[in-house]
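Structural characterization, general
One letter stands for each residue in the lines below.
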Protein chains: 2
Amino acid sequence: MNFLEIAQTRQSCRKYNPDKEVEKDKLDAVLQAARLAPSACNGQPYHLSVCTGDTARRVAKATQSMGMNKFASDAPVMIVISEKPYVRTAAVGAKFKGNDYRSMDIGIVSAYITAEATAQGLSTCILGWLDDKKIREICNLSEPVRLVICVGYSKDDRLRDKKRKDLSELVSYI
Amino acid sequence: MNFLEIAQTRQSCRKYNPDKEVEKDKLDAVLQAARLAPSACNGQPYHLSVCTGDTARRVAKATQSMGMNKFASDAPVMIVISEKPYVRTAAVGAKFKGNDYRSMDIGIVSAYITAEATAQGLSTCILGWLDDKKIREICNLSEPVRLVICVGYSKDDRLRDKKRKDLSELVSYI
């Protein structure tokens, strides 16, 4: 699958098959891709907690306040992305430039995770609505949880139309 | 090229061939990929200003304070990523969860841009050290510039070893 096919195919999955586990070799490929992601000053300011079984369900529950993310309980794997401290050079850049490079790096690694998962025939959903405190307890983390990515097999493989800005709105040529 | 090959091949290029333009069809593919990137609540909170020729060189200059990014002057294309306002639902999430989803979204779209560029045989470098005010003037933008991505052909195609955390440090299984 080439990258444009991945980009076309990848969509947020909100209907997982709870009975279909993610094979170890596929999960390994996803984590290998994550490891290769670039980051500001190569700081890699994140940690991945890969949750399965009962732990995955507890993490799912911690994303479900106010009626959100009910589907997450069926995802067999939940990858929790927590934020690590800046390396010194990236911290200096962030301070001088008023930019949140760690969040950008977490975005990049999320894209790598979801792209390789798609290439492996897996479905994903990136969750930003989460209970930081609860997930830190479940995963024994001392640093902030930023995103959780559901990984599993979809019960509904139909490709939805992607609603995106027209290129003419997204892009200017200067 | 599959995604793991893209992840292995993609590296920050700091030596562009100033005489080799980026073909329109390749740049179009990169922008198509960017358009397909997912974002929090599908807000797509960014705009891409594609700079070439003299404009690219002016943008490059605006990334070069304190001796940084001298190589950028040779990149034939500079894609400036500026930040647009949140859509309402993402703004609510960001406020309640203390998360900078827009920076994450900008990270994701950067990963899509650099992945497809790599697939097209192009080289890239993501720059976070930049003069927001100057680039806003050059590109006629009213909103903050977050990243600039150099795009072009490398003068040095050797693949460097990637220095990354070991998987055992990056990942915990819970």
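All of the points below concern the structure found in this document. Treat the numbers as computed from the prediction; the structure is a model and nothing was measured.

**What to know about the overall build of chain A**
Across its full length, chain A carries seven helices and five strands. Scaling as 2.2 N^0.38, a compact globule of 174 residues should have a C-alpha radius of gyration of about 16 Å, and chain A matches this with 17 Å. Within the span of chain A, comprising 174 residues, buried residues form 56% of the whole. Within chain A, residue pairs in contact and separated by at least 24 positions form 77% of the contacts whose partners lie at least 6 positions apart. Looking at chain A as shown, the accessible area adds up to about 7800 Å², and 47% of this sits on carbon and sulfur atoms. Treating the 27 positive side-chain charges of chain A as one cloud and the 21 negative ones as another, the clouds have centres 5 Å apart.

**Remarks on the relation of the copies chain B and chain A**
You can overlay chain B on chain A at an RMSD of 0.0 Å; the transform is a turn of 180 degrees with a shift of 0.0 Å along its axis. The transformation relating the two chain copies, once decomposed into turn and shift, fits a two-fold axis. The share of interface residues of chain B whose copies in chain A are also at the interface is 99%, consistent with both copies meeting through the same surface.

**What to know about the state of the cysteines**
Residue and element names in this part refer to chain B. Within the structure shown, the criterion is met by zero disulfides over all chains. Unpaired in terms of disulfides, C139 finds its nearest cysteine sulfur in C51, a separation of 3.7 Å. Residue class for C139 comes out buried when judged on its relative accessible area of 6%.

**Details of the interface of chain B and chain A**
Contacts between the two partners involve 68 residues from chain B and, on the opposite side, 67 residues from chain A. Counting the surface lost from both chain B and chain A, the interface buries some 5900 Å², and carbon and sulfur atoms represent 61% of this. Per-residue buried area on chain B facing chain A is highest for F3, R164 and I174 of chain B; these three make up 14% of the total on that side. Scanning the region where chain B abuts chain A turns up zero salt bridges. Taken together, the links from chain B to chain A amount to 40 residue pairs in polar contact (both at pLDDT 80 or more). As paired strands, strand 1 (residues 46-52) of chain A and strand 5 (residues 171-173) of chain B are joined by three bridges and run parallel to one another. Across the sheet, L48 of chain A pairs through a bridge with V171 of chain B, a residue of strand 5 of chain B.

**Concerning the nonpolar core**
Proteins that are soluble and globular tend to have nonpolar side chains buried together. In terms of nonpolar packing, the biggest core is built from 74 residues, with F3 and I79 of chain A together with F3 and I79 of chain B touching the most fellow members. Contact partners of I79 of chain A, with chain neighbours within four places excluded, come to V30, L31, L48, S49, V50, I113, L147, V148, I149 and V151 of chain A.

**Re the sheet that holds strand 5 of chain B**
As a general point, the strands of a sheet are linked pairwise by backbone hydrogen bonds and lie either parallel or antiparallel. Ordered by their spatial adjacency, five strands build an open sheet running 3(A)-4(A)-2(A)-1(A)-5(B), and the pairing between neighbours is mixed. The strands lining the two open edges of the sheet, one partner per strand, are strand 3 (123-127) of chain A together with strand 5 of chain B. Averaged over all pairs of adjacent strands, the angle between their axes in this sheet comes to 20 degrees, without regard to strand direction. Along the sheet, helix 2 (residues 24-36) of chain A contacts strand 1 and strand 2 (77-83) of chain A together with strand 5 of chain B; its crossing angle with strand 1 of chain A, the most-contacted strand, is approximately 170 degrees.

**A short note on the environment of D156 of chain A**
Residues and elements named next belong to chain A. By secondary structure assignment, the location of D156 is in the loop between strand 4 (145-152) and helix 7 (167-170). Residue class for D156 comes out partly exposed when judged on its relative accessible area of 27%. The sequence separation of D156 and Y101 amounts to 55 residues, and the corresponding C-alpha distance is 35 Å.

How each quantity is defined
- Residues numbered from 1 in each chain as written.
- Chains lettered and ligands numbered in written order.
- Predicted model: local features only at pLDDT ≥ 70, side-chain atom pairs only at ≥ 80, totals over all residues.
- Heavy atoms only, no water.
- Helix = DSSP H or I, 4+ residues; strand = E, 2+ residues; numbered from the N terminus.
- Rg over C-alpha atoms; globule rule 2.2 N^0.38 Å.
- Buried < 20%, exposed > 50% of the residue type's maximum accessible area, 1.4 Å probe, protein only.
- Contact = heavy atoms within 4.5 Å.
- Areas by Shrake-Rupley, 256 points an atom, 1.4 Å probe, with all protein chains shown as cover.
- Lys, Arg positive; Asp, Glu negative; His and termini not counted.
- Charge placed at Lys NZ, Arg CZ, Asp CG, Glu CD.
- Least-squares fit on C-alpha atoms with pLDDT ≥ 70 in both.
- Disulfide = S-S within 2.5 Å.
- Buried area = accessible area lost by both parts, 1.4 Å probe.
- Salt bridge = Lys/Arg side-chain N within 4 Å of Asp/Glu carboxyl O.
- Polar contact = N/O pair within 3.5 Å; in protein donor to acceptor, adjacent residues only side chain to side chain.
- Pairing = 2+ DSSP bridges.
- Core = buried A, V, L, I, M, F, W, Y, C linked by side-chain atoms within 4.5 Å.
- Axes fitted to C-alpha atoms, helices over the stretch in contact; angles between N-to-C directions.

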